[in-house]
Amino acid sequence: MQRLGSLHHHFFLGSRKPLLNPCPFYSFISICTFSYSPDSTEVIYDNLLKSCDGLAFLKQIHSVLTTTSLIDKSPHLGAQIIIKYAQFGDPNSARALFDHINIHGDKPSSFLWNTMIRAYANGGHCFETLQLYSVMHRAGISPNNYTFPFIFKVCASNSLILLGKVAHGDALKTGFDSDLYVEAALVDMYAKGDQFCDGRKIFDEMSMKDLVCWTAMITAYEQAEKPEEALILFQKMQQEGLLADSVTIVSVASAIGRLGDAKRAQSVHCYAIRHLFLEEICVANSVIAMHAKCGDMDKACLVFDMMDERNSISWNSLLSGYTQNGKASEALLLFDEMRDSGCEPNPVTALIMVAACAYLGSSHLGRKFHDFILDSKMKVDMNLWNALMDMYAKCGDLETAVEIFSGIHPSERDVCSWNVLISGYGMHGYGKEALKLFSRMQEEGVEPNHITFTSILSACSHAGLVDEGRKCFRDMTKSVTPEMKHYACMVDMLGRAGLLQEAFDLIKEMPAPPNDSVWGALLLACKIHGNMELGKIAANNLFQLEPNHTGYYVLMSNIYAASNRWQEVGKLRQDMKNKGLKKPAAFSVIEYGSEIHGFHTADHENPYWQEVYRKVESLTIEMKLAGYIPDLSCALHDVEEEDKEHILNYHSEKLAVAFGILMINSGMAIRVTKNLRVCNDCHLAFKYISCIYGRRIIVRDANRFHHFQGGSCSCKDYW
DNA sequence: GTAGGGTTAG
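Since the model is a prediction, treat every value here as computed from it, not as a measurement.

1. A few points about the packing of aromatic side chains
With the rule as written, the count across this model stands at 24 aromatic pairs. For the ring pair Phe473 and Tyr487, a centre distance of 5.6 Å and an interplane angle of 70° mean the geometry is edge-to-face. Placement of Phe473 in helix H29 (residues 466-479) and of Tyr487 in helix H30 (residues 484-496) is noted, with a sequence separation of 14 residues between them. Each member of the pair, Phe473 together with Tyr487, is buried. Each member of the aromatic cluster is reached from another via a ring pair, and the members are Tyr133, Phe148, Phe152 and Phe176. The positively charged end of Lys226 is found above the aromatic ring belonging to Phe196, 5.5 Å away from the centroid. The side chain of Arg413 reaches across the aromatic face of Phe405, ending 4.2 Å from its centre.

2. Some words on a negative patch on the surface
Residues Glu279, Glu280, Asp308 and Glu309 make up a contiguous surface patch of negative charge. Position of Glu279 relative to the elements: it lies in the loop between helix H17 (262-274) and helix H18 (281-293).

3. Quick word on the pairing of strand S4 (residues 697-700)
Here S4 shows no split at all, with Ile697 and Val699 on one side and Ile698 and Arg700 on the other all buried. Examined bridge by bridge, strand S3 (residues 670-674) and S4 share four bridges and lie parallel to one another. Bridging from a neighbouring strand, Thr673 pairs with Arg700 of S4. After leaving S3, the chain enters helix H39 (residues 680-692) and then returns to the sheet as S4, a path that is right-handed. By the bridge criterion, four bridges tie S4 to strand S5 (residues 705-709) in an arrangement that is antiparallel. The residue bridging Ile698 from the neighbouring strand is His707, located in S5.

4. Overview of the domain arrangement of chain A
In terms of domains, chain A is made up of domain 1 (502-584) and domain 2 (587-713). Computed from C-alpha coordinates alone, the two centres of domain 1 and domain 2 are separated by 27 Å.

5. Examining the sheet that holds strand S1 (residues 587-592)
Sheet architecture is open: six strands sit in the order S2-S1-S3-S4-S5-S6, paired in mixed fashion. The open sheet is flanked by strand S2 (595-600) and strand S6 (712-713), the only strands paired with a single partner. Looking at chain direction, S1 and S3 are connected through three bridges and run antiparallel. In the strand pairing of S3, Ile590 is matched with Val672.

6. Some words on the state of the cysteines
Counted according to the given criterion, the structure contains zero disulfides. Left unpaired, Cys357 is separated from the closest cysteine sulfur, that of Cys395, by 6.8 Å. The exposure class assigned to Cys357 is buried, which follows from its relative accessible area of 0%.

7. Remarks on empty space enclosed by the protein
Under the counting rule described, the total for this entry stands at one cavity of 30 Å³ or more. Reported here for the largest cavity is a volume of approximately 60 Å³. Lining the largest cavity, in full, are Val616, Leu619, Thr620, Met623, Asn649, Lys654, Val657, Ala658, Ala685, Phe686 and Ile689. Put simply, the parts of the chain that give the lining of the largest cavity at least two residues each are helix H36 (609-625), helix H38 (652-663) and H39. Ranked by residue count, the leading element in the lining of the largest cavity is H36, at four residues. Looking at side-chain class alone, the lining of the largest cavity contains eight nonpolar, two polar and one charged residues.

8. Some thoughts on helix H21 (residues 328-340)
For an α-helix, the turn length of 3.6 residues means that residues three or four places apart are oriented alike. Here H21 spans 19 Å end to end across 13 residues, near enough to the 18 Å set by a 1.5 Å rise per residue. Buried within H21 are the following residues: Ala328, Ala331, Leu332, Leu334, Phe335 and Met338. Down the axis of H21, the buried side of the element spans an arc of 165°, and every buried residue falls inside it. Projecting away from the buried face of H21 at angles above 90 degrees are the exposed residues Leu333 and Asp340. Buried positions along H21 lie against helix H20 (312-324), helix H22 (347-360) and helix H23 (363-376). Of the residues one or two after H21, Gly342 is the one with positive phi, at around 95°.

Basis of the calculations
Residues numbered from 1 in each chain as written. Chains lettered and ligands numbered in written order. Predicted model: local features only at pLDDT ≥ 70, side-chain atom pairs only at ≥ 80, totals over all residues. Heavy atoms only, no water. Phe/Tyr/Trp six-rings, centres within 6.5 Å; stacked < 30°, edge-to-face > 60°. Helix = DSSP H or I, 4+ residues; strand = E, 2+ residues; numbered from the N terminus. Buried < 20%, exposed > 50% of the residue type's maximum accessible area, 1.4 Å probe, protein only. Lys NZ or Arg CZ within 6 Å of the ring centre and 35° of its normal. Patch = residues over 30% accessible without salt bridge, like charges linked within 9 Å, V, L, I, M, F, W, Y side chains within 5 Å. Areas by Shrake-Rupley, 256 points an atom, 1.4 Å probe, with all protein chains shown as cover. Salt bridge = Lys/Arg side-chain N within 4 Å of Asp/Glu carboxyl O. Lys, Arg positive; Asp, Glu negative; His and termini not counted. Charge placed at Lys NZ, Arg CZ, Asp CG, Glu CD. Pairing = 2+ DSSP bridges. Right-handed = clockwise from strand over helix to strand, strands pointing away. Domains from an automatic or database assignment. Disulfide = S-S within 2.5 Å. 1 Å grid on protein atoms, 1.4 Å probe; cavity = no way out; pocket = protein on both sides within 12 Å on 5 of 7 lines; lining within 4 Å. Points joined across faces, edges and corners; volume = space filled by probe spheres on them. Nonpolar A, V, L, I, M, F, W, Y, C, P; charged D, E, K, R; others polar. Expected span 1.5 Å × (residues − 1). Arc of directions from axis to C-beta. Contact = heavy atoms within 4.5 Å.

Shown next as structure tokens:
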């Protein structure tokens, strides 16, 4: 009513004494109606509508216009009210008015039809938009350059390209296809509908392209995961003399984020600062996400901290940045900060946090978030169910993952749901079950994608199902072109099985030069099977491709050490030193109630370290009595045998398991997560411990799960 | 004479 007050004052201009009416609005309306000519009345209501900022007020104006029949006399006012209803998210009231005009007033003009179509389209009411479009045709009203953009828009956002094509035909027939707005909408629709060529063709043939068209095309490439093309187009646009605005920058920043190109990220950031775009929340959000994807959380935080106003997307961008960069604990802290700030977590926030729990391997935290999601009554869509399944599987609780999967109606499950479960079975070593699921999925008519094949090949690899894996790979090549990651899975599978030559032959047959993951798989296999010659070939390729990746130096030096080639070990260590590379510290965590306890190799940081060390020593004696012989090859240092055994005893995973034996109730499984691969000697020791103490020990290492029980491991010593 | 297009987290 504040704005009305100012209008009130303005229009009165002292012509009448203010009435002693409890409702100034009605007195004002009645005065307007009786004191002015129809034209000026329309102007006044038009101004009133323009200043109207709430649904209740709008309904008041609407009802006055209805009772005075003005609504039937002024198509302009009718349209304004329809626009306002749409703005306030009430398309049904808009439609009721439209129908009223259609019956009681003059037949609606094409302007009014467009207004109504726009109301539906902007509110995301796809069906109603298209239905009204067809009713419009039947009513003999011809669509125009204001109609088509909205029709294409709903077709684009609802993947109704066929319907869009029909409307495109209408545009061609009526000659509106060469309107700049219509063309931009067409580019957008075809590009979003995976019909790049059609979109690009229209774009290329446009006689005049404005910034919006360029941006639509750039955005389309970015959304289709073609960031390189998006940036090439962006460059071309600049060469044509067009200056990027904030919308363009949002898409360009996303494209750079996808590429992880830190250098270009910096220059876009500067551009956004220079043009004051960073003050817009959309731009700041996309710049945060861009830096995060480039691995620069400091810059992402800087932008976030400088924002005057943040929305849930700002928080989610930073949260997801932390998770993507392996800083899950920071994400947990930020989540609390988000809630303290009064920003309510939404389903995307939940998705990110569930992924953070999966990364940490903490089923305790994961459950807490699951409860939080259920308590908050937020809508759990299929993406979130899939993330929850993935989290449970990665936290070692495959049973709950399967339970969730079974609870989802078969028609609701998407390809990702199946992929999550297949890879869950795979990482727990249940290759046969993964294969069964793979068949079941296809029987139920769900088409496998490239991720399904990665999951199934990796499941075969972990379970040593070489023949089945080979068959899947062959079948796969019939429907999809194998990508680098599929070759990496195959090399991994063949290599682990000791078929090193076959793995190497496959590499040589690859249509494109192998990347680091392919050579890395071969190097790992060479380490497992002690093949120095092939190992050297793999390592040399890796040192070229990824000269700063510590893991490959460590693997190769392990191969040398296992053969007592201490000179080569020393040389590699020197190389690492010269490059300033450090071997990542082994780290294991174990959950104890709601506490998380971490252990480094031979550290004294844990408050219980003395008890834990004593337990490790007594465990060693008990195991030796049962026949355990330490696997000294795992202590890859050039030291005396006795010292080697000492080093082995204090590996982080052994400390964590000893802690578990000491603290965790005997009926419960001991769950340990390690950042690197579990060592051979620890693996052997846990088999003994599981037998002597009758305990279930579940270890998640960098690669997969190991379930130790009754003296054996679910990986059947194959990992 | 009244109206319109391209945008960020997963």
